[in-house]
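Residues per chain, in single letters:
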There are 2 protein chains.
Amino acid sequence: MNKIITISREFGSGGREIAQELAKTLNIPYYDKEILKQIAEHTKLAENYVEKIMETPMYFPFPILSAHSFSIPNHTLEQQNTIYTVQHKIIRQLAEKSSCIIVGRCSDYILNDMNPLKVFIYADIEYKIKRCLYKENTASNISLTDIRKHIVQITKDRASYYKFYTGQKWGEKENYDICFNASKFEQHTIIEVVSALYKNTK
Amino acid sequence: MNKIITISREFGSGGREIAQELAKTLNIPYYDKEILKQIAEHTKLAENYVEKIMETPMYFPFPILSAHSFSIPNHTLEQQNTIYTVQHKIIRQLAEKSSCIIVGRCSDYILNDMNPLKVFIYADIEYKIKRCLYKENTASNISLTDIRKHIVQITKDRASYYKFYTGQKWGEKENYDICFNASKFEQHTIIEVVSALYKNTK
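The structure reproduced in this document is the subject of the present report. (Residues numbered from 1 in each chain as written. Chains lettered and ligands numbered in written order. Predicted model: local features only at pLDDT ≥ 70, side-chain atom pairs only at ≥ 80, totals over all residues. Heavy atoms only, no water.)

## What about the overall build of chain A?
- Each helix and strand counted, chain A has eight helices and five strands in total.
- N-terminal to C-terminal, the α/β element order of chain A is β-α-β-α-α-α-β-α-β-α-α-β-α.
- Burial analysis of chain A (202 residues in total) assigns 48% to the buried set.
- Total accessible area on chain A is roughly 10,800 Å²; 54% of this is exposed by carbon and sulfur atoms. (Helix = DSSP H or I, 4+ residues; strand = E, 2+ residues; numbered from the N terminus. Buried < 20%, exposed > 50% of the residue type's maximum accessible area, 1.4 Å probe, protein only. Areas by Shrake-Rupley, 256 points an atom, 1.4 Å probe, with all protein chains shown as cover.)

## A word on the interface of chain B and chain A
- In this complex, chain B contributes 22 residues to the contact, which on the side of chain A involves 22 residues.
- In total, chain B and chain A occlude about 1,900 Å² of area from one another, counting both sides; carbon and sulfur atoms represent 58% of this.
- At the junction of chain B and chain A, the tally comes to two salt bridges.
- For Lys-184 of chain B, the salt bridge goes to Asp-177 of chain A, with nearest N and O atoms at 3.5 Å.
- Linking chain B to chain A there are 13 residue pairs in polar contact (both at pLDDT 80 or more).
- Counting residues per element, the side of chain B that touches chain A draws most heavily on helix α8 (residues 187–200) of chain B, at five residues.
- For the side of chain B that touches chain A, the class distribution of residues is eleven nonpolar, five polar and six charged.
- Relative to strand β5 (residues 178–181) of chain B, strand β5 (residues 178–181) of chain A runs antiparallel, the two sharing three bridges. (Contact = heavy atoms within 4.5 Å. Buried area = accessible area lost by both parts, 1.4 Å probe. Salt bridge = Lys/Arg side-chain N within 4 Å of Asp/Glu carboxyl O. Polar contact = N/O pair within 3.5 Å; in protein donor to acceptor, adjacent residues only side chain to side chain. Nonpolar A, V, L, I, M, F, W, Y, C, P; charged D, E, K, R; others polar. Pairing = 2+ DSSP bridges.)

## A short note on the relation of the copies chain B and chain A
- Here chain B sits on chain A after a turn of 180° about the axis and a move of 0.0 Å along it, with an RMSD of 0.0 Å. In short, the pair behaves as if placed about a two-fold rotation axis. When each C-alpha of chain B is compared by its distance to the rotation axis, Cys-179 of chain B comes out closest, at 2.5 Å.
- In this assembly the copies share their binding face: 100% of the residues contributing to the interface of chain B also contribute to that of chain A. (Least-squares fit on C-alpha atoms with pLDDT ≥ 70 in both.)

## Things to note about the side chain of Arg-105 of chain A
- Examined against the element boundaries, Arg-105 of chain A turns out to sit in the loop between β3 (100–103) and α5 (107–110).
- Sequence-distant contacts of Arg-105 of chain A, that is, excluding residues within four places in its chain, are made with Asp-32, Ile-35, Leu-36, Met-54, Gln-87, Ile-91 and Ile-110 of chain A.

## A short note on the packing of aromatic side chains
- Tallied over the full model, the rule gives 14 aromatic pairs over all chains.
- Arranged with centres 6.4 Å apart and planes meeting at 65°, the rings of Tyr-84 of chain A and Tyr-161 of chain A form a pair that is edge-to-face. With Tyr-84 of chain A in helix α4 (residues 75–97) and Tyr-161 of chain A in helix α7 (residues 144–166), the pair connects residues that are 77 residues apart, well separated along the chain.
- For Tyr-161 of chain A, a relative accessible area of 10% translates into the label buried.
- Following the ring pairs from residue to residue traces out a cluster consisting of Tyr-84, Tyr-161, Phe-164 and Tyr-165 of chain A.
- Lys-3 of chain A extends its terminal NZ or CZ atom over the ring of Tyr-198 of chain A, reaching a point 4.5 Å from the ring centre.
- For Lys-173 of chain B, the ring lying beneath its charged end belongs to Tyr-122 of chain A, and the centroid distance is 5.3 Å. (Phe/Tyr/Trp six-rings, centres within 6.5 Å; stacked < 30°, edge-to-face > 60°. Lys NZ or Arg CZ within 6 Å of the ring centre and 35° of its normal.)

## A look at the pattern of salt bridges
Residue and element names in this part refer to chain A.
- Here the structure, examined in full by the defined rule, presents 22 salt bridges over all chains.
- Glu-96 serves as the salt-bridge partner of Arg-92, at 3.7 Å between the closest nitrogen and oxygen. Note that Arg-92 and Glu-96 are positioned in helix α4 at a spacing of four residues, about one turn of the helix.
- Its salt-bridge partner being Arg-92, residue Asp-113 comes within 2.7 Å of it at the nearest N-O pair.

## Structural notes on the pairing of β3 of chain A
All names here are of chain A.
- With burial as the criterion, each face of β3 is covered, one bearing Cys-100 and Ile-102 and the other bearing Ile-101 and Val-103.
- Here strand β1 (residues 4–9) pairs with β3 via four bridges, running parallel. Along β3, the bridge assignment pairs Ile-7 with Val-103.
- Pairing of strand β2 (residues 30–31) with β3 involves two bridges; the strand directions are parallel. When the bridges of β3 are listed, Tyr-30 appears paired with Ile-101.

## Looking at the sheet that holds strand β1 (residues 4–9) of chain B
- Reading across from one edge, β2(A)-β3(A)-β1(A)-β4(A)-β5(A)-β5(B)-β4(B)-β1(B)-β3(B)-β2(B) is the order of the ten strands in this open sheet, with mixed pairing throughout. Two strands close off the open sheet at either side, each with one partner strand: β2 of chain A together with β2 (30–31) of chain B.
- Contacting β1, β2, β3 and β4 (117–122) of chain A, helix α1 (residues 15–26) of chain A runs over the sheet at an angle of about 160° to β1 of chain A.
- Of the strands in this sheet, β1, β2 and β3 of chain A are in contact with α4 of chain A, which crosses β3 of chain A at around 160°. (Axes fitted to C-alpha atoms, helices over the stretch in contact; angles between N-to-C directions.)

Structure follows, in structure tokens:
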């Protein structure tokens with residue numbers, strides 16, 4: 001049976017880089033943006049449009065009883081649902097094809113029955129701000145306050161997306177096997193630990 | 001500077017055993033019941049009485065304005081506060097004496113400025129029930145429902161104690177450096193990982 005690692009991560013924690021390096025260390029495929037590309041191909045939507053739709057905060061359409069209607073049509077939500085269905089299918093196919101690492105996209109939940117090694121990477125807010133600043137174009141005038149707001153908003157959107165499709169709380173340790181505070185350890189240390197755990201699991 | 005590991009753990013997760021074995025592996029002292037003994041010596045209270053007081057659910061005495069008084073005298077709370085103050089002092093002394101492992105008792109919070117390696121061990125409820133059953137006297141007639149209730153109650157009490165003295169949420173991953181789901185890994189695997197991380201940290 002294929003051995004899968006799912007890596008969920010807070011924005012700015014460096015979880016994506018850890019996943020990339022881990023894939024090199026273990027010599028197994030790593031899927032992140034690749035999933036986005038495949039969704040675009042399946043849905044015939046542009047890749048950046050798919051990304052935009054997936055990043056739109058989830059809208060919970062409670063049925064409101066008014067004089068004339070019982071439901072609210074919501075085009076974005078329909079597209080989000082279509083995209084999630086395709087994403088679900090693609091993630092299952094990838095995990096059934098070979099051992100691999102999948103980043104985010106509710107993969108811990110979607111592949112739960114395959115007993116993946118479920119990793120969550122988080123970090124202190126100051127660490128995440130520093131990393132974002134470092135990656136930011138130096139010509140940009142974005143303020144620290146704006147970066148902080150941006151991080152908080154993305155975290156909120158990811159949590160809302162995850163909650164909507166899984167019914168679980170994003171980042172709650174009970175949904176994962178191991179959680180690392182990336183502000184505490186060097187990236188290579190986290191990679192070494194996950195790599196050893198992966199080799200130890202059946 | 002001394003290198004400290006704090007291990008916080010859910011009741012039934014096996015965290016205490018992990019701490020004991022880890023101490024043997026690293027050849028450093030391990031403090032758990034020893035702290036209770038020292039508190040009893042300092043306060044001149046019996047060890048089992050100290051334990052009982054520490055396990056009493058925290059009572060938050062909001063000042064209630066009535067016709068005759070503004071506060072509620074609470075003898076248990078006073079004892080809890082005295083014990084916490086002594087415990088705080090003892091934990092600081094132990095950590096200043098040598099590198100060591102300290103289990104529970106808000107040690108992650110009390111020693112935060114010493115930059116300890118803060119570990120949290122949790123587990124699925126079914127795993128915890130199985131471990132409790134295994135450890136339980138086979139002659140005992142305790143039901144599965146009662147064991148489950150007992151685990152839930154202890155978890156609630158620990159969270160309330162921690163919240164009262166630290167203002168933080170017990171078990172929230174942000175308060176720790178690494179969190180393990182003990183239902184997923186063999187105990188020796190967790191010990192190996194924490195041991196390697198300890199050796200890697202300055």
